[in-house]
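# A look at the structure
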Amino acid sequence: MRKSQAERVHNPFVGFSFQMTQTTKKCDSGVGGAAKSKLIVVYHRDFASHGYPPLKDRVEPCFNHIKETGILSRENVQIVEPQPVLDELLYLVHTKRHVADVKASGYFEVAARSAGGVVTAAQMIVGGAADNAFCFVGAAGHHASREGYWGFCFLNDICIAIKHLRTGGFSEKVAIIDIDPHYGDGTRDIIGEDPSILHINFHSGSPRGERHSDEMNNLDICLPFDATDEVFISYARMAVDEAHKFSPGIVFVVFGYDSHESDYGAFRLSDEAYPRFAQAVGLRFPRGVCYVLSGGSGVENGKRAIAGVLSYLS
Ligand SMILES: [Zn+2]
């Protein structure tokens, strides 16, 4: 029986020693959207109190807004409070020097807890305990490489989650759709040579990237700085189709809403772009999708963008 929406679940993430359940499931194709599927929303109060400014300032108001909309009260929605990942798991993705640098930055704990949230969400999805997930975080991940960090990104949460799944025996393909308008250079550095991972990377012409490789399943989608909803959605549909052809066992979405017309990143998207994107993903992948919050500092933009996605997912 599904847990009540009012029940806050403390998920005892135990790092890389976690044992996967035997039940793994491929993302289903087909139509019908994600309605009534089991959605988990990862959140911890430390993301707002200890996160990287200005990103931390959006977290609590956005989460509270989602609560006020009633989305979190739906029967099929469950809140998960994550634990920080263990160092042993971090060392499978980042160098010891990098981890030491992050520990010295003052943001290690919130970054490790943010990564723990993505790890927990991913393991719940592939283990069959959840259909989809949305992860609030206190620090972003896609600029964190094996031995470097910048742009509010300290630990590469999604790469850590993938490594966790692999360590637990998950052998299916993985797709990452990064719609943050800044280039996901850290992710590409870590998994760019792995043919079992499709990395689709929206960006706005930053010189940091463009290491495109069909063989390695890297797809860079460079849109103009003033890309509108129509441009973005048309490429998003193409990206989702590519991901669907790849037949992944789980899809991660790097959800940066700094692409909003009134936020700090490139692209000029309206509020409607985000639920439309979620719908484009959901039509191909009604389940098996893990959204991870990325860039975006505008509180009001965030409320509407996240609510739009969660309304669709729930
Ligand atoms: Zn960004």
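Residues numbered from 1 in each chain as written. Predicted model: local features only at pLDDT ≥ 70, side-chain atom pairs only at ≥ 80, totals over all residues.

### Re the overall build of the protein
Looking only at helices and strands, the protein has ten helices and nine strands in total. Expressed as a percentage of the 314 residues in the protein, the buried residues total 54%. Here the contacts in the protein between residues at least 6 apart in sequence split such that 77% fall between residues at least 24 apart. (Helix = DSSP H or I, 4+ residues; strand = E, 2+ residues; numbered from the N terminus. Buried ≥ 20, exposed ≤ 12 C-beta atoms within 10 Å, placed from the backbone. Contact = placed C-beta atoms within 7 Å.)

### Digging into helix α9 (residues 273-284)
The terminal C-alpha atoms of α9 lie 17 Å apart, and with twelve residues this matches the ideal 16 Å at 1.5 Å per residue to within 8%. Taken together, the buried positions of α9 are occupied by Ala273, Tyr274, Arg276, Phe277, Ala278, Val281 and Gly282. Where α9 is buried, its residues contact α8 (229-246), β8 (250-255), β9 (289-293) and α10 (299-313). (Expected span 1.5 Å × (residues − 1).)

### Points about helix α5 (residues 108-126)
Structurally, the α-helix is built with 3.6 residues per turn, so residues lying three or four positions apart point the same way. The first and last C-alpha atoms of α5 sit 27 Å apart over 19 residues, in line with the 27 Å expected at 1.5 Å per residue. Of all 19 residues that make up α5, 18 are buried, and the element is covered over most of its length. At the C-terminal side of α5, glycine 128 shows a positive phi close to 90°.

### A closer look at the environment of leucine 86
With respect to the helices, strands and loops of the structure, leucine 86 is situated in the loop between β3 (77-81) and α3 (87-90). Spatially, the C-alpha atom of leucine 86 lies 9.9 Å from that of alanine 115, the residues being 29 residues apart in sequence.

### Examining the nonpolar core
Counting 101 residues, the largest nonpolar core has Ala133, Cys135, Val253, Cys290 and Val292 as its most contacted members. It is α5 that contributes the most residues to this core, twelve residues altogether. (Core = buried A, V, L, I, M, F, W, Y, C linked by C-beta atoms within 7 Å.)

### A short note on the packing of α8 against α9
With their axes 9 Å apart at the nearest point, α8 and α9 run at an angle of 20° to one another. Between α8 and α9, the angle is such that the two are roughly parallel. Of the two possible hands of crossing, α8 and α9 adopt the one that is right-handed. Counting all contacts with α8, which are made through Asp229, Phe232, Ile233, Ala236, Arg237, Val240 and His244, the residues of α9 involved are Ala273, Arg276, Phe277, Ala280, Val281 and Arg284. (Axes fitted to C-alpha atoms, helices over the stretch in contact; angles between N-to-C directions. Parallel < 35°, antiparallel > 145°, perpendicular 65-115°, else oblique. Left-handed = near helix turned anticlockwise from the far one by under 90°.)

### Brief notes about unusual backbone geometry
If you check the backbone angles, phenylalanine 152 has positive phi at about 65° while not being a glycine. Looking at the element boundaries, phenylalanine 152 is found in the loop between β4 (132-135) and α6 (157-167). Look at phenylalanine 152 and you get buried, because 24 C-beta atoms sit within 10 Å. Phi is positive for serine 247, which is not a glycine, with a value near 55°. Along the chain, serine 247 turns up in the loop between α8 and β8.

### Considerations on the environment of threonine 69
Along the chain, the position of threonine 69 falls in helix α2 (residues 56-69). Residue class for threonine 69 comes out partly exposed when judged on the 16 C-beta atoms lying within 10 Å of it. With 238 residues separating them along the chain, threonine 69 and alanine 307 place their C-alpha atoms 8.0 Å apart.

### Structural notes on the pairing of β8
With six of its six residues buried, β8 lies for the most part within the structure. Of the two faces of β8, both are covered, the one formed by Ile250, Phe252 and Val254 as well as the one formed by Val251, Val253 and Phe255. Bridge count for strand β5 (residues 174-178) against β8 is five bridges, and the pairing is parallel. Bridging from a neighbouring strand, isoleucine 176 pairs with phenylalanine 252 of β8. Note that β8 and β9 share five bridges and pair parallel. Bridged to valine 251 within β9 is valine 289. With respect to chirality, the unit in which β8 leads through α9 into the neighbouring parallel β9 is right-handed. (Pairing = 2+ DSSP bridges. Right-handed = clockwise from strand over helix to strand, strands pointing away.)

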